[in-house]
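# A structural walkthrough
Here are the chains, one letter per residue:
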Amino acid sequence: STGTETFEFQAEARQLLQLMVHSIYSNKDIFLRELISNASDALDKVRLAAFADKDLAVDTSDLHIDLEIDSEARTLTVRDNGVGMSRDEVIILIGTIAKSGTAELMQKIRESKDAAGSQELIGQFGVGFYSSFMVADKVTLLTRRAGEDTATRWESDGGATYVIETVDDAPQGTAVTLHLRPEDKDDQLFDYTAGWKVREIVKRYSDFIAWPIRMAVERTDNDGNTTSEIQTLNSMKALWARSKDDVKEDEYKEFYRHLSHDWSDPLEIIHMRAEGTFEYESLLFIPSRAPFDLFTRSAKRGVQLYVKRVFIMDDCQELMPEYLRFVKGVVDAQDLSLNISREILQQDRHIQLMRRRLVKKVLSTVKGIMASDAERYQTFWSEFGRAVKEGLLDDHDNQKTILDISSFASTRDQDELTTLAQYVERMKDGQTEIYYSTGESRSTIENSPHLEAFRAKGYEVLLLTDPVDEMWVQSVQDYDGKRFQSIAKGQVDLDTEEEKANAGPEREQQEKDFAELLSWMTDQLGENVKEVRLSSRLTTSPACIVGDAQDMTPTLEKMYRAMGQ
Ligand code: ADP
Ligand code: MG
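Residues numbered from 1 in each chain as written. Chains lettered and ligands numbered in written order. Predicted model: local features only at pLDDT ≥ 70, side-chain atom pairs only at ≥ 80, totals over all residues.

Going by the annotation in an unreviewed UniProt entry, the name recorded for the chain is Chaperone protein HtpG, with Plantactinospora soyae given as the source organism.

This paragraph deals with the nonpolar core. One finds I36, L319, V327, V331, F380 and L462 to be the most contacted residues of the largest nonpolar core, which totals 113 residues. Counting residues per element, this core draws most heavily on helix α2 (residues 30–52), which supplies 8 residues. Setting aside anything within four residues of it in sequence, one finds V331 in contact with Y280, S282, V303, L305, Y306, L319 and M354. (Core = buried A, V, L, I, M, F, W, Y, C linked by C-beta atoms within 7 Å. Buried ≥ 20, exposed ≤ 12 C-beta atoms within 10 Å, placed from the backbone. Helix = DSSP H or I, 4+ residues; strand = E, 2+ residues; numbered from the N terminus. Contact = placed C-beta atoms within 7 Å.)

If you trace the 5 strands from one edge of the open sheet to the other, you get β10-β11-β14-β12-β13, paired in mixed fashion. Every interior strand has two partners, whereas the edge strands, β10 (268–274) and β13 (310–313), have only one. Between one strand axis and the next, the sheet turns by 20 degrees as a mean value, whatever way the strands run. Alignment of strand β12 (residues 302–307) against β13, held across 3 bridges, turns out to be antiparallel. For L305, the partnering residue across the bridge sits in β13 and is M313. Lying over the sheet, helix α9 (residues 349–372) contacts β10, β11 (280–286) and β14 (328–333), oriented at roughly 140 degrees with respect to β10. (Pairing = 2+ DSSP bridges. Axes fitted to C-alpha atoms, helices over the stretch in contact; angles between N-to-C directions.)

With that out of the way, let us pick up helix α7 (residues 249–260). For α7, with 12 residues, the first-to-last C-alpha span of 16 Å sits near the 16 Å given by 1.5 Å per residue. Among all positions of α7, only Y252, F255, Y256, R257 and L259 are buried. Tucked into the core, α7 has its buried residues touching β10, β11 and β14. After α7 finishes, the residue H261 shows a positive phi value of roughly 60 degrees. (Expected span 1.5 Å × (residues − 1).)

All right, on to the environment of D29 then. Along the chain, D29 turns up in the loop between α1 (11–21) and α2. Look at D29 and you get partly exposed, because 19 C-beta atoms sit within 10 Å. Separated by 171 residues in the primary sequence, D29 and E200 place their C-alpha atoms 10.0 Å from one another.

With that settled, consider the pairing of strand β15 (residues 407–410). As paired strands, β15 and strand β16 (residues 413–419) are joined by 3 bridges and run antiparallel to one another. Bridge pairing in β16 places S407 opposite T419. What sits between β15 and β16 in their antiparallel hairpin is a turn of 2 residues. Summarising the sheet, β15 and strand β18 (residues 462–464) pair through 2 bridges and their orientation is antiparallel. The residue of β18 that forms the bridge with A409 is L463.

In structure tokens form, the structure reads like this:
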């Protein structure tokens, strides 16, 4: 082996570690769930790697997780014979936190006054490997990447630095050894050297893990002889394959945590089984809040594909459209080949059918929430509405449903959003179109002169302030036969027939009076405008700029310009 090298943790990693060392969680038991979850991922990965590369020097004959207790040394080791990590991977994966939004999150946690608040925040992030430091004052990790000869030993006390050493030989996979805190020694609650305690935690948090979790268990028979035997602690029953009636709420929640790394409970659980020619089981979750990276490029889709209980891939894009990327879960298909590649997936007709069915199910579930529980729907919409509206552009088949489950700010109320159905119901007699205005914020729109006539005449206007709104209003024709009409575009006719009849002579006179001014303005403004015309839509502002019906809105123009087009 070579000498040891000392490295510093990345700043955000150090902060997260500090939170663990000072144990902001009241429930320390979860460290084991995190380590088992990592081990399980590593086993999934090595199985896949061996499948993809027949020449890879790996042994996949007995993939499993071992838990080893050493009461004398007061250590607990979680060992897997999974994919392992290379030296560089250890430095990147364990020494840094690559997730986007980490710095912002850390800032928020520092600012949050109470412990419960910090727990909430950090839970959105997933505590992961560092949770070991809640119970250990030193952690050692020994790992060998599948296919590589040398291994890496990593060690840290959770302070500012860690040491790394290259070791000649170690079993395939990863062993994480926790040197349990001496101060917890006599505390029953934190006695992680007690077999019954470890078994209980595994049962509670990790029962559904698909790989065996084994531990040596001491047995004393009636004659007082003690023997040790290896036991498998978890049932390994895939949750999604069980019937709904058999699964407890808490089991769903734990499974969701395992999948999503989200501390809070899901907003909705969708468990369904499709039978017939193409069978599959699916267990989907709608989270109760958006992940930090929902709008970054790196955002992944949350649905995993399994084939006959075998994990095939994370982030299965073919099963969930981008606008529903926040949906987490598992889809397990019976009749696909384990060999299935992304290319085949894209063309597979069954996959397309599955996707269509899953999307419809998610949307109809949201519709159900909307009908039954206004508060829960509002949570959903404020967290995910912006993403869902992207579907108005991409998913023509479900446009109507997406419009049905959407809600928007409007001039009717300062805070309360309105659905389109509610808007339509309130439309004035003779109003045939849904009026909207796009803009950067509610206040910019409210201060724009375009709104004056609508306000004066008591028409409700939708206030669309998300960037995606600019896009979908261009492509969605109507809702319930009512066209979407921008108040900033083309000629909007707000006058009733009676008003028009009365306005006739008056209008003619005005046109005459202002003819000279209008032609002077047309000359002055030259190429910058298409036309200068007399408006009846303004009440207090002297003038405003109006787009042609086919023109881009100013915000959209800005977006295109920003993209360099
Ligand atoms: P997360 O699991 O959310 O990615 P963790 O902090 O739990 O975050 O782990 C960080 C990364 O370290 C994992 O994504 C994985 O790449 C790597 N890792 C952790 N434990 C193991 C392990 N037992 N085997 C292989 N890689 C591991
Ligand atoms: Mg993890």
